[in-house]
Structures are given as C-alpha cells and as structure tokens.
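Overview (structure and organization)
What follows is each chain in one-letter form.
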Amino acid sequence: MRVLSALFLLLSAYLASAGEIDRLIGEWQSPDDSSKQSFERAFDGHWIETRMWFRTPDGWKLVSRGVMYRKPGSDAWHGIARATDMQGIVLFEFTLEAVGQAGFRTHNTAYMETGEAMHTEEDWMFVDDDRWAYTVYSLEDGERKPWIRGEWVRAE
C-alpha cells in the first residue's frame, strides 16, 4: 500500500508540474502551410524538444531545433533554440509563462549572425485545443508594439 501511495504522489507531482504546457505538446502548422513546429516531451517528460520547419520547393526544411525546461522552483519554462535560414537569426533564448488558462507569454532574445541581440515578447492565446493565435511585440523604449500576428493549428 505504501508503494502505491508513493507512486500516486509521484504521478500527481508529475502531472501538476506538466500542467498548462500539455496544450502545446504535438505538431502545429501555419494555416497557409508555409511552416510547422513541434513540441515533444523527452527524457523524463520535463524536457521538451522543439523544432521548426519552413516549406521550400524541395519540401520541409528544418530551420530551428531547441529545448524547453523548468528550473527547480520556477513555474516558467526556459528555452534555447539554434536556428538557420531565419533572416540572420542564429540563436533564440526565451522564457515562457502561463497567462491564466488562455495562453502563454514569451520573453525572447534573438541573436543575429552579427552578435546583435533583438528583444521581443509574444502572447500566445488558445482559441480552442487545436488552434492558437500569436502576436509578436517589438520592444521600443519600454513599450510593447504589435509587430507580427499569426496562428498555429494542430497538424493531423
């Protein structure tokens, strides 16, 4: 009985820590079918591998690969991704935090080939379990200014 109780507590702790991030797990495509991305649990489930592809005339091209993880004692997910063929961006660092039940906010730093850093924020809001809308904000003089908007739909 003690073993079952311990297993139940471990499972409950795992599920509680998984929480809101489970909505992102899977593969997503842009409505125009020009890009796709995936979020996949790995290792012990607390390590999430990320990938992004762009459609080219030759098929899907992997343009970014990274990971997301939680630091002990933190509710935020931290991430890093290496990139290629993304308009000079070669590295992303980001923090992802839940915003209520509706979505997430990310704080991003994109590093260019030149070493220059670009800081942005994004709001990801779920329309339903199979669709979320995003807005990328440029940060100018401490102000968030809408820059890019789009959507992701769950791939079949």
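Calculation rules
- Residues numbered from 1 in each chain as written.
- Predicted model: local features only at pLDDT ≥ 70, side-chain atom pairs only at ≥ 80, totals over all residues.
- Heavy atoms only, no water.
- Salt bridge = Lys/Arg side-chain N within 4 Å of Asp/Glu carboxyl O.
- Buried < 20%, exposed > 50% of the residue type's maximum accessible area, 1.4 Å probe, protein only.
- Helix = DSSP H or I, 4+ residues; strand = E, 2+ residues; numbered from the N terminus.
- Polar contact = N/O pair within 3.5 Å; in protein donor to acceptor, adjacent residues only side chain to side chain.
- Contact = heavy atoms within 4.5 Å.
- Phe/Tyr/Trp six-rings, centres within 6.5 Å; stacked < 30°, edge-to-face > 60°.
- Lys NZ or Arg CZ within 6 Å of the ring centre and 35° of its normal.
- Pairing = 2+ DSSP bridges.

Attention now goes to the pattern of salt bridges. Evaluated as defined, the whole model comprises 13 salt bridges. Its salt-bridge partner being Glu49, residue Arg51 comes within 3.3 Å of it at the nearest N-O pair. The exposure class of Arg51 is buried, given its relative accessible area of 16%. Residue class for Glu49 comes out partly exposed when judged on its relative accessible area of 22%. For Glu151, the salt bridge identified is with Arg131, shortest N-O distance 2.7 Å. Of this pair, Glu151 sits in strand E10 (residues 143-154) while Arg131 sits in strand E9 (residues 131-140), placing them 20 residues apart in sequence. Residue Glu151 is classed as partly exposed on the basis of its relative accessible area of 27%.

On to the environment of Arg70. Structurally, Arg70 is set in strand E4 (residues 59-70). Look at Arg70 and you get partly exposed, because its relative accessible area is 23%. When the C-alpha positions of Arg70 and His46 are compared, they lie 7.2 Å apart, and in sequence the two are 24 residues distant. Of note is the side chain of Arg70, whose polar atom sits 3.2 Å from the backbone oxygen of Asp75.

Attention shifts here to the environment of Ser30. Summarising the element assignment, Ser30 is placed in the loop between strand E1 (26-29) and strand E2 (35-42). Taking the C-alpha atoms as reference points, Ser30 and Trp152, separated by 122 residues in sequence, lie 4.8 Å from one another. Apart from residues lying up to four places away in sequence, Ser30 is in contact with Ser35, Glu151 and Trp152.

According to the stated counting rule, one finds 10 aromatic pairs in the structure shown. For the ring pair Phe126 and Trp132, a centre distance of 6.2 Å and an interplane angle of 45° mean the geometry is tilted. A network of ring pairs unites the aromatic residues Trp28, Phe39, Phe104, Trp124, Phe126, Trp132, Tyr134 and Trp152 as a single cluster. When the ring centre of Phe126 is taken as reference, the NZ or CZ atom of Arg23 above it lies at 4.0 Å.

As paired elements, strand E6 (residues 89-99) and strand E7 (residues 103-112) share 10 bridges and run antiparallel to each other. Each residue of the ladder has a partner; that of Val99, found in E7, is Gly103. If you look at the hairpin formed by E6 and E7, you'll find 3 residues sitting between the two strands, and Gly100 has a positive phi there, around 60°. Linking two consecutive strands that pair antiparallel, namely E7 and strand E8 (residues 117-128), is a turn of 4 residues; a positive phi of about 95° is found at Gly115 within it.

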